[in-house]
Amino acid sequence: MKDEEKKLKVRTVPIEITHKGEKYSGMAWPLGTSCNEDGTDCYEMDITLNNEHLGTIYCSANGHCKMRNLSDQELVDKIGQEIILWFG
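Residues numbered from 1 in each chain as written. Predicted model: local features only at pLDDT ≥ 70, side-chain atom pairs only at ≥ 80, totals over all residues. Heavy atoms only, no water.

Overview of the state of the cysteines
Applying the stated rule across the entire model yields one disulfide. The disulfide that involves C59 links it to C65, with 2.2 Å between the sulfurs. Negative torsions about the S-S bond denote left-handed disulfides, and the value of about 110° found for C59 with C65 makes this one right-handed. This pair shows no difference in class: C59 is buried, exactly as C65 is. (Disulfide = S-S within 2.5 Å. Buried < 20%, exposed > 50% of the residue type's maximum accessible area, 1.4 Å probe, protein only.)

Some thoughts on the pairing of strand β3 (residues 44-49)
Looking at chain direction, strand β2 (residues 22-30) and β3 are connected through five bridges and run antiparallel. Its bridge partner lying in β3, A28 is registered against I47. Pairing geometry for β3 and strand β4 (residues 52-59), over six bridges, is antiparallel. Directly across from D46, in β4, lies its bridge partner T56. (Pairing = 2+ DSSP bridges. Helix = DSSP H or I, 4+ residues; strand = E, 2+ residues; numbered from the N terminus.)

So, the sheet that holds strand β1 (residues 13-19)
Spatial strand order, β1-β2-β3-β4-β5: five strands in an open sheet with antiparallel pairing. Strand pairing shows two members of the sheet lacking a second neighbour, β1 and β5 (65-67), which therefore form its edges. When strand polarity is set aside, the average angle formed by the axes of neighbouring strands in this sheet is 30°. Sheet analysis places β1 next to β2, joined by seven bridges and oriented antiparallel. Pairing of V13 across the sheet is with A28, part of β2. Lying on the sheet, helix α2 (residues 73-87) is in contact with β1, β2, β3, β4 and β5; it crosses β1 at an angle near 145°. (Axes fitted to C-alpha atoms, helices over the stretch in contact; angles between N-to-C directions. Contact = heavy atoms within 4.5 Å.)

Rendered as structure tokens:
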């Protein structure tokens, strides 16, 4: 992968999901200090869906994700899955 493509891939992650009948669309922005050296994996990202900032998602290497400001774990899991697929 070209360096420019890597930089674009790390910059933002598009998120398009449906949860409990509601469509969510937005972006995840990596927190630079949470990314590995080559920028291909980031474990903390700021999440904005439907023009609302939801907070920071934290994902472990085994794929478990959590958010302090969002109590709906099923929604957190769907957001995390989109991020993991993007970096996959």
